[in-house]
Amino acid sequence: MSNKEIPSGQKQHSSSSRRFFKIFLQVIAMVAMFAVLLWYVGIGDLYAALKTIKLEYLALAFLMYFGINVLFAIRLQRVLRKYNIKTSFGKTLLAQYAGMLTSDVTPGRAGYIFTPLYLKDQNVPAPKALSTILGIQTIEFLIKVAGGIGAVIYLVKYVPTTIWNDMFPQTIAGINAGILLAGLGIGLMLLGATVLALFTWSKKALNIFTKIANTRLLKRFTGGLIGKLEEFKESAHNTQNAIPEIIAITLACWILKGIEWWLLGIALGIGNVPWIAYFLIHPLVTALAFVPLTPAGIGVQEFGIVGILGLLGIPLATAGAFALIARGLLIIEDLIGLPQIVKSTSLLLTKNKKQKTTTKTPPTQTQPQNNI
């Protein structure tokens, strides 16, 4: 039986089954990663470290993360104003939290791309919202690449070679495996930033992609995407006008993130790691959140945090507690966006239902003929 002969319902069922199986494998990978992490750190030692946490510093860390999301919302508003779109700060903040919460549970943190959906209740056109999100993410990636390079330089300069060799005894082509992994993470971020930059700011790149996607071989897979790309092309250049503001606000958020992690460190009794170290290593560790093995790199990123803090002389249990609390803090506060997700999903389903109802052709009524 050819693909054309397969009923549409059967195709949808097959696609849903594959999607479910993929999610199932990612969840299994996440559970396995956490199981290995708990075994590596030691559950008893981890529990003992968590019991020592100072709640007042933890509360301040929550406050720093709230400040970051406030700045993120302001950043969204400022870029949208370049399109002459005015939005409510409160609703934009909820949309920002909704985007972050979606990214917390999706592989590669790709869920943040749904933020335009959460702005629909403010009548923000999807192409303009998408241009805004991609433009912002491009700048963020480039800044994180710079931060990641700074982190590697800092670690190589201040961490003794013996500790590097103890933590990462393997070498590949004469290069310490830990440094190589860090370089790989930076390379992946740079690649992502380059692709996003080309899509956001280069009409030539979009034209090339459009031509490739329109080839007979690929058109069947990209059909619905081409129209969106054309709309995106028309609005993407406006995002360029907001680059200075995006850079300034993103740097401010990066500083707050360094303070947030520094406060988490103090909350757990880590006193020998300076603020500048947290400021630099955060972008490096963030790269691991984009590894699509598990939702939002859960487990992978935690191992990265434990490894880097271990290089800085932090005990395994304390580093593990830091990694878990850093992840938990994000998810707990991002739950603020859950009502917005429910609202936007409900509006979308209602709209689709109305469209299906209106597109149905009414039954033709036979008029009685007058035989006179």
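Predicted, not measured: the structure shown is a model, and the values here were computed from it.

Basis of the calculations
- Residues numbered from 1 in each chain as written.
- Predicted model: local features only at pLDDT ≥ 70, side-chain atom pairs only at ≥ 80, totals over all residues.
- Heavy atoms only, no water.
- Helix = DSSP H or I, 4+ residues; strand = E, 2+ residues; numbered from the N terminus.
- Buried < 20%, exposed > 50% of the residue type's maximum accessible area, 1.4 Å probe, protein only.
- Axes fitted to C-alpha atoms, helices over the stretch in contact; angles between N-to-C directions.
- Parallel < 35°, antiparallel > 145°, perpendicular 65-115°, else oblique.
- Left-handed = near helix turned anticlockwise from the far one by under 90°.
- Contact = heavy atoms within 4.5 Å.
- Nonpolar A, V, L, I, M, F, W, Y, C, P; charged D, E, K, R; others polar.
- Expected span 1.5 Å × (residues − 1).

### Quick word on unusual backbone geometry
1) Next: One non-glycine residue, asparagine 84, lies in the positive phi region at around 60°.
2) Next: The backbone phi angle of asparagine 123 is positive, close to 60°, even though this residue is not glycine.
3) Next: Residue position: asparagine 123 is located in the loop between α5 (115–118) and α6 (126–158).
4) Next: For asparagine 123, a relative accessible area of 69% translates into the label exposed.

### Topic: the packing of helix α11 (residues 243–267) against helix α12 (residues 275–286)
1) Next: Running from N to C, α11 and α12 point in directions that differ by 110°, and their axes come no closer than 8 Å. Comparing their axes, α12 and α11 come out roughly perpendicular. For the element pair α11 and α12, the recorded crossing hand is right-handed. Residues Trp254, Ile255, Lys257, Gly258, Ile259, Trp261, Trp262 and Gly265 of α11 form the contact with α12, whose participating residues are Trp275, Tyr278, Phe279, Ile281, His282, Pro283 and Val285.
2) Next: Looking at the contact of α11 with α12, its residues break down into eleven nonpolar, three polar and one charged.

### Focus: helix α13 (residues 300–311)
1) Next: For α13, spanning twelve residues, the distance from its first C-alpha to its last is 17 Å, which sits close to the expected 16 Å at 1.5 Å a residue.
2) Next: Here α13 lies mainly inside the structure; eleven of its twelve residues are buried.
3) Next: Considered for burial, the residues of α13 that qualify are Val300, Gln301, Glu302, Gly304, Ile305, Val306, Gly307, Ile308, Leu309, Gly310 and Leu311.
4) Next: Following α13 by one or two positions, glycine 313 adopts a phi angle in the positive range, close to 90°.

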